[in-house]
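# Structural features, examined
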Amino acid sequence: MLTSHAEVLSPRSLQEALTAKASHPETVALAGGTDLMVLIEANKLAPSRVLNLWGVQELRGIDAQDGWIRLGALTTWTELIHSTLLADHAPALVEAAQTCGAAQIRNRGTLGGNLANASPAGDSLPPLLALDGVVELGSARRGLRRVPIERFFLGYRKTALERDELITAIYLPARVDGDETFFRKVGTRRAQSISKLSFCGRVRRQGGQVTLARLAFGALGPVPLRAHTVEVALEGGPVRPQLAELLLNDIRPIADVRSTAEYRQRAAVNVLRGWLESLAG
Ligand SMILES: Cc1cc2nc3c(=O)[nH]c(=O)nc-3n(C[C@H](O)[C@H](O)[C@H](O)COP(=O)(O)OP(=O)(O)OC[C@H]3O[C@@H](n4cnc5c(N)ncnc54)[C@H](O)[C@@H]3O)c2cc1C
């Protein structure tokens, strides 16, 4: 429940929403509420103004546009799962959505909320990184700007969002022939658990040679990260599973209540090697 003194605004257009955010930057955006309401219920947050985005149609929809797939910020996990466009262009993101929460969470939880919440364990983050996603941010004063997902996460729960901005959409490049992707979430259970680590990989092969590699991990550190050393080693040759060991140059896993650093390190190498073996095999 929101505190009785919170003022709730429910804009009907994006312009109205951005104007409300710009005039009172302390206003807290509310999308599905699956992260926010947990904080409010636990008395960790008591916003005085809440911007309920749920009725803003411009923040909805999954469409193909000029070689990109546009996903409105209010796209729910359930909508990701049922999108035929994403089944073709971003199957790894669909798989990630399938592992997320339970049906109630998937029906309310949104992609924009997952990004703005910026938990390093957010399940959409590795697929969006591996797919070279771009986040679109809107402000009433400066209009729209686009930030590559790799530059969106600045530190633990810190993002490139300015105080007067909202996430309006996420853009993914259309799939290119030869791209193969893989998603894996390691948790206590396959669903309804927070990731100990999550991984999304993408390789593009032409004539047996890797021409592009993207390897993205979540829940290993304060921000989701790309394994650049392994990516560079993979590109320009056939898939060599032993390159997975190079991952130790890219990651310094954290220890927390969910897992030890050693477990995360071993599991990350094993998940990557397993996928590379299946590609090579
Ligand atoms: C039981 C349970 C299970 C869960 N399981 C998973 C899981 O398996 N994997 C996973 O990744 N997450 C999980 N979550 C977390 C949560 O469901 C997701 O992070 C979800 O995607 C958040 O989206 P939302 O729309 O509900 O965000 P909200 O709670 O509405 O907002 C979250 C944050 O984002 C901000 N925000 C929202 N939309 C915008 C916007 N358009 N622009 C700017 N800021 C915005 C809000 O101000 C707030 O700070 C779980 C949560 C619960 C309660």
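Along each chain, residue indices are assigned from 1 in the same order as the chain's sequence is written. It should be noted that, the model being predicted, local features are given only for residues of pLDDT at least 70 and side-chain atom pairs only at 80 or more, the latter also being counted only at that level, while totals for whole chains, interfaces and linings use all residues. By convention in this description, side-chain values take in all heavy atoms of the structure and omit both hydrogens and water.

## Quick word on helix H1 (residues 14-23)
When a residue's accessible area, from a 1.4 Å probe over protein chains only, is under 20% of the maximum for its type it is buried; when over 50% it is exposed; and in between it is partly exposed. For the purposes of this entry, the term helix denotes a DSSP run of H or I that reaches at least four residues, the term strand denotes a run of E that reaches at least two, and both are numbered from the N terminus. Among all positions in H1, only Leu14, Ala17, Leu18, Ala20, Lys21 and Ala22 are buried. Of the surrounding elements, those touching the buried residues of H1 are strand E3 (49-52), strand E6 (134-139) and strand E10 (166-173). Contacts are assigned to residue pairs with any non-hydrogen atoms lying within 4.5 Å of each other.

## Re the pattern of salt bridges
By convention in these notes, a salt bridge is any Lys or Arg side-chain nitrogen within 4 Å of a carboxyl oxygen on Asp or Glu. Applying the stated criterion to the full structure yields 16 salt bridges. Here Arg146 makes a salt bridge to Glu136, at a shortest N to O gap of 3.8 Å. Here Arg146 is found in strand E7 (residues 143-148), whereas its partner Glu136 is found in strand E6, with 10 residues between them in sequence. A salt bridge links Glu165 to Arg145; the nearest nitrogen and oxygen atoms lie 2.7 Å apart. Here Glu165 is found in the loop between strand E9 (158-159) and E10, whereas its partner Arg145 is found in strand E7, with 20 residues between them in sequence. Under the relative-accessibility criterion, Arg145 is labelled partly exposed at 32%.

## Let's talk about the nonpolar core
If you look at the biggest cluster of nonpolar residues, it comprises 34 residues, and the most contacted ones within it are Leu80, Leu115, Leu128, Phe152, Ile167 and Leu172. Of all the secondary-structure elements, those providing two or more residues to this core are strand E5 (68-72), helix H3 (77-82), helix H5 (91-98), helix H7 (111-117), helix H8 (125-130), E6 and E10. The element contributing the most residues to this core is H5, with 5 residues. Domain start and stop positions are those given by an automatic or database domain assignment. Of the residues that make up this core, three or more belong to each of domain 2 (59-173) and domain 3 (179-280). Throughout, nonpolar core names a set of buried Ala, Val, Leu, Ile, Met, Phe, Trp, Tyr and Cys residues whose side chains join them through atoms within 4.5 Å.

## Digging into the domain arrangement of the protein
When the parts come together, some accessible area is lost, and that loss is often what is quoted as the size of the interface. Each assigned domain of the protein is listed with its residue range as follows: domain 1 (7-52), domain 2 (59-173) and domain 3 (179-280). Measuring from the centre of the C-alpha atoms in domain 2 to the corresponding centre in domain 3 gives 20 Å. The term buried area refers to how much accessible surface (probe radius 1.4 Å) is lost by two components on association, counted for both of them together. Of the roughly 1,900 Å² buried between domain 2 and domain 3 on both sides combined, carbon and sulfur atoms contribute 62%. Linking domain 2 with domain 3 are 4 salt bridges, by the criterion used here. The salt bridge involving Glu150 is made with Arg226; its shortest N-O contact spans 3.1 Å. Here a polar contact means two N or O atoms within 3.5 Å. Within protein one must be a hydrogen donor candidate and the other an acceptor candidate, and residues neighboring in sequence count only if both atoms are side-chain atoms. Linking domain 2 to domain 3 there are 8 residue pairs in polar contact (both at pLDDT 80 or more). Tallying contributions element by element places H8 first for the side of domain 2 that touches domain 3, with 5 residues. Throughout this entry, Asp, Glu, Lys and Arg are counted as charged residues, while Ala, Val, Leu, Ile, Met, Phe, Trp, Tyr, Cys and Pro are counted as nonpolar. The remaining residues, Gly among them, count as polar. When grouped by side-chain class, the residues that make up the side of domain 2 that touches domain 3 number 15 nonpolar, 3 polar and 4 charged.

## Side note on the pairing of E3
Neither face of E3 is open: one carries Arg49 and Leu51, the other Val50 and Asn52, and all of them are buried. Strands are treated as partners if at least two bridges between them are detected by DSSP. Here 3 bridges tie strand E1 (residues 7-9) to E3, and the two strands are oriented parallel to one another. Paired with Glu7 across the bridge in E3 is Arg49. Relative to E3, strand E2 (residues 28-30) is paired through 3 bridges, and the arrangement is parallel. Bridge pairing in E3 links Ala29 to Leu51. In the classification by handedness, the crossover that spans E2, the intervening helix H2 (residues 36-41) and the parallel E3 is right-handed. A right-handed crossover is one whose linking path, passing over the helix from the first strand to the second, runs clockwise when the strands point away from the viewer.

## Looking at the site of the ligand
A single heavy atom is enough: if one lies within 4 Å of a molecule or strand, its residue is considered near that molecule or strand. Not every one of the 31 residues close to the ligand is listed here, only the nearest: Ala29, Thr34, Asp35, Thr110 and Asp123. Within the backbone of Ala31, one N or O atom sits 2.8 Å away from an oxygen atom of the ligand. Per-residue and other accessible areas follow the Shrake-Rupley method at a 1.4 Å probe size, with only the shown protein chains counted as cover for residues. Compared with its free state, where it exposes 1,000 Å², the ligand has 84% of that area covered by protein. Listing elements by their share of the shell around the ligand, those giving two or more residues are E2, H2, helix H6 (103-108), H7 and E10. The residue makeup of the shell around the ligand includes at least three contributed by each of domain 1 (7-52) and domain 2 (59-173).

## Points about the side chain of Asn117
Within the secondary structure layout, Asn117 lies in helix H7. A polar contact of 3.4 Å, which involves the side chain of Asn117, links it to the side chain of Arg157. When neighbours within four sequence positions are excluded, Asn117 is seen to be in contact with Asp35 and Arg157.

## Let's talk about the sheet that holds strand E12 (residues 197-206)
If you walk across this open sheet you meet the 4 strands as E11-E12-E13-E14, and the pairing is antiparallel. Each having just a single partner strand, strand E11 (179-186) and strand E14 (225-226) make up the two edges of the open sheet. Alignment of E11 against E12, held across 8 bridges, turns out to be antiparallel. Paired with Phe182 across the strands is Gly201, a residue of E12.

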